Amino acid sequence: PSLAFATRRQLTSELARMGADASKISDALDKGKTGKLDRKKASEIAKNLPKKMAAYADAFLGEAKGDTVDMKSLFAHFEGKKIDQRGIFQAIKKANAPKAASLVFTDEELKKTAGIDAMAEKPRGRPTPEQAEALKKQKVAKGKFLDECRARLGLSKKDWSDKKMTKAIEEFKKSSAEAEKKKAMISLEPPSGTRDFFPKEYAVQKWLFQKMKETAKAFSFQEYDAPVLEHAELYKRKAGEEITAQMYNFIDKEGAEVTLRPEMTPTLARMVMQKMDERGEIRELLPLKWFSIPQCWRFETVQRGRKREHYQWNMDIVGVPGVTAELELLAAVTTFFKSIGITGKDVGIKINSRKVLGAIVEAAGVPKEMFAPVCVIIDKLDKIGPECVTAELTEKKVPVESSKMILRAMECKSIEELAELCKGKVDMTAVDEMKTLFAYAKDYGFADFLIFDASVARGL
């Protein structure tokens with residue numbers, strides 16, 4: 001039997017309708033009822049799923065971040081897809097079954113197995129009476145020893161025969177020997193999630209960075225830099241951002257809480273504030289137009305195209321209140337794309353506005369102090385779908401009608417459609433600014449790069 005499901009509640013009700021034991025799947029996947037699934041366990045289950053389901057699961061895990069998987073997001077990912085119940089149960093059973101490689105034997109047990117092996121050698125031909133007697137004693141001793149190992153590890157003889165246990169011991173010996181060998185060697189690979197740049201690759205990187213610098217300087221931006229080590233306090237936010245859980249942070253030898261910078265913006269803010277006087281005014285000719293290409297660090301799960309160290313091109317304008325600052329930044333980045341042969345047909349830049357989103361959220365009756373947490377939830381829309389977003393907003397005490405209004409706005413495909421929806425409900429100043437931005441982009445010749453997307457919330 002198979003079924004399509006979107007949420008855990010729908011899964012349970014559908015299974016109950018079909019006469020299946022819903023609690024088995026729920027408990028098997030989430031025994032602690034935490035709503036989370038360990039990523040390694042999820043990967044192990046995915047390996048044992050039928051081919052099509054495994055492909056769906058791999059696609060989900062490739063997009064998911066962190067060391068745990070959100071159950072609601074997992075179910076939403078499988079919405080509309082056929083699910084083989086028997087395949088799920090079998091995959092969970094296989095994933096939970098002990099693996100030979102996971103069995104650990106004590107030093108005393110390894111000494112015993114060495115002593116048993118020394119009791120008799122396998123004869124080349126027919127054994128003599130003395131050899132036969134020694135082999136018989138060896139077999140009895142080995143059987144007793146393996147029974148003791150099974151009892152300590154909580155394994156049954158039915159699942160773990162003498163032959164299988166012997167193989168597991170040999171594999172443990174081999175892996176232990178390899179581990180000892182590795183300890184004595186210095187790894188030639190860089191630390192996990194980092195890269196070496198050999199001359200050929202480094203030349204490509206320098207060429208790319210040079211194109212970025214040329215573009216920034218052509219738009220009159222000044223280059224700056226700062227220590228890769230930052231105050232951890234700069235990144236401790238209340239919005240629930242994943243960045244705080246991904247920091248390479250530690251206490252230094254002077255007792256200061258520091259971190260390798262995960263991004264550059266807080267450092268920029270710190271440096272700009274150094275330029276302020278006691279009245280809060282910047283002692284520099286405005287606007288400030290600064291750029292940098294810093295190396296940043298985030299301790300996250302290493303995936304294809306996603307490592308723990310990365311470089312990012314930052315361009316910031318301080319002191320310009322209108323959309324002309326955003327217009328200049330967009331002009332710069334599209335100029336860069338063109339300089340390396342990328343056109344609007346190859347890449348699109350999704351555009352949204354904090355002011356517009358803030359006006360919509362406020363008009364929906366959500367308090368201003370809830371804006372940041374609501375943004376974090378809205379940002380998940382394309383991953384978990386509208387039903388799960390509504391559920392999470394409800395958990396934050398956002399009324400259902402307010403959630404519906406926010407989601408309707410998120411579904412708008414053009415600034416004109418959004419303007420029509422917002423007419424008479426929100427302050428149209430923010431919407432008018434967005435209209436101006438798109439109009440200027442058309443005049444400046446890079447509108448083909450821009451895509452209006454009301455659901456973009458990350459970074460706002």
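Here is what the cut-offs are and how they apply
- Residues numbered from 1 in each chain as written.
- Predicted model: local features only at pLDDT ≥ 70, side-chain atom pairs only at ≥ 80, totals over all residues.
- Heavy atoms only, no water.
- Core = buried A, V, L, I, M, F, W, Y, C linked by side-chain atoms within 4.5 Å.
- Buried < 20%, exposed > 50% of the residue type's maximum accessible area, 1.4 Å probe, protein only.
- Helix = DSSP H or I, 4+ residues; strand = E, 2+ residues; numbered from the N terminus.
- Contact = heavy atoms within 4.5 Å.
- Pairing = 2+ DSSP bridges.
- Axes fitted to C-alpha atoms, helices over the stretch in contact; angles between N-to-C directions.
- Salt bridge = Lys/Arg side-chain N within 4 Å of Asp/Glu carboxyl O.
- Parallel < 35°, antiparallel > 145°, perpendicular 65-115°, else oblique.
- Left-handed = near helix turned anticlockwise from the far one by under 90°.
- Nonpolar A, V, L, I, M, F, W, Y, C, P; charged D, E, K, R; others polar.

A. Examining the nonpolar core more closely. Judged by nonpolar contacts, the single largest core of 59 residues is most densely connected at Trp313, Ile351, Leu357, Leu418, Phe446, Leu450 and Phe452. Top element by residues in this core is helix H12 (residues 324–339). It accounts for seven residues. Not counting chain neighbours up to four residues away, the residues in contact with isoleucine 351 comprise Leu330, Met434, Leu437, Phe438, Leu450, Ile451, Phe452 and Asp453. Within the second largest apolar cluster, 17 residues are counted, among which are Ile45, Ala54, Ala64 and Ile92.

B. Structural context of the sheet that holds strand E6 (residues 229–231). Strand order in this open sheet of three strands is E6-E8-E7, and the pairing throughout is antiparallel. With one partner strand each, in any of the chains shown, E6 and strand E7 (248–251) form the two edges of the open sheet. Within the sheet, the average angular offset between the axes of one strand and its neighbour, ignoring direction, is 35°. Sheet topology places E7 next to strand E8 (residues 257–260); four bridges connect them, and they run antiparallel. What sits directly across from asparagine 249, in E8, is threonine 259.

C. Quick look at the pattern of salt bridges. Across all of its chains, the model carries 21 salt bridges by this definition. As a salt-bridge pair, glutamate 148 and lysine 112 come within 3.7 Å of each other at their nearest N and O atoms. Of this pair, glutamate 148 sits in helix H8 (residues 129–153) while lysine 112 sits in helix H7 (residues 107–117); the two residues are 36 residues apart in sequence, bridging distant segments of the chain. The exposure class assigned to lysine 112 is partly exposed, which follows from its relative accessible area of 39%. Its salt-bridge partner being glutamate 263, residue arginine 298 comes within 3.7 Å of it at the nearest N-O pair. Here the residue arginine 298 occupies a position in the loop between strand E10 (295–297) and strand E11 (309–311), and glutamate 263 occupies one in the loop between E8 and helix H11 (265–274), the gap between them amounting to 35 residues.

D. Spatial organisation of the packing of H7 against H8. At a closest axis distance of 10 Å, the pairing of H7 and H8 adopts a crossing angle of 165°. In terms of orientation, H7 lies roughly antiparallel with respect to H8. Between H7 and H8 lies a crossing of left-handed hand. For the pair H7 and H8, the contacting residues are Glu109, Lys112, Thr113, Ile116 and Asp117 in the first and Gln138, Ala141, Lys142, Phe145, Glu148, Cys149 and Arg152 in the second. For the contact of H7 with H8, the per-class residue count stands at four nonpolar, two polar and six charged.

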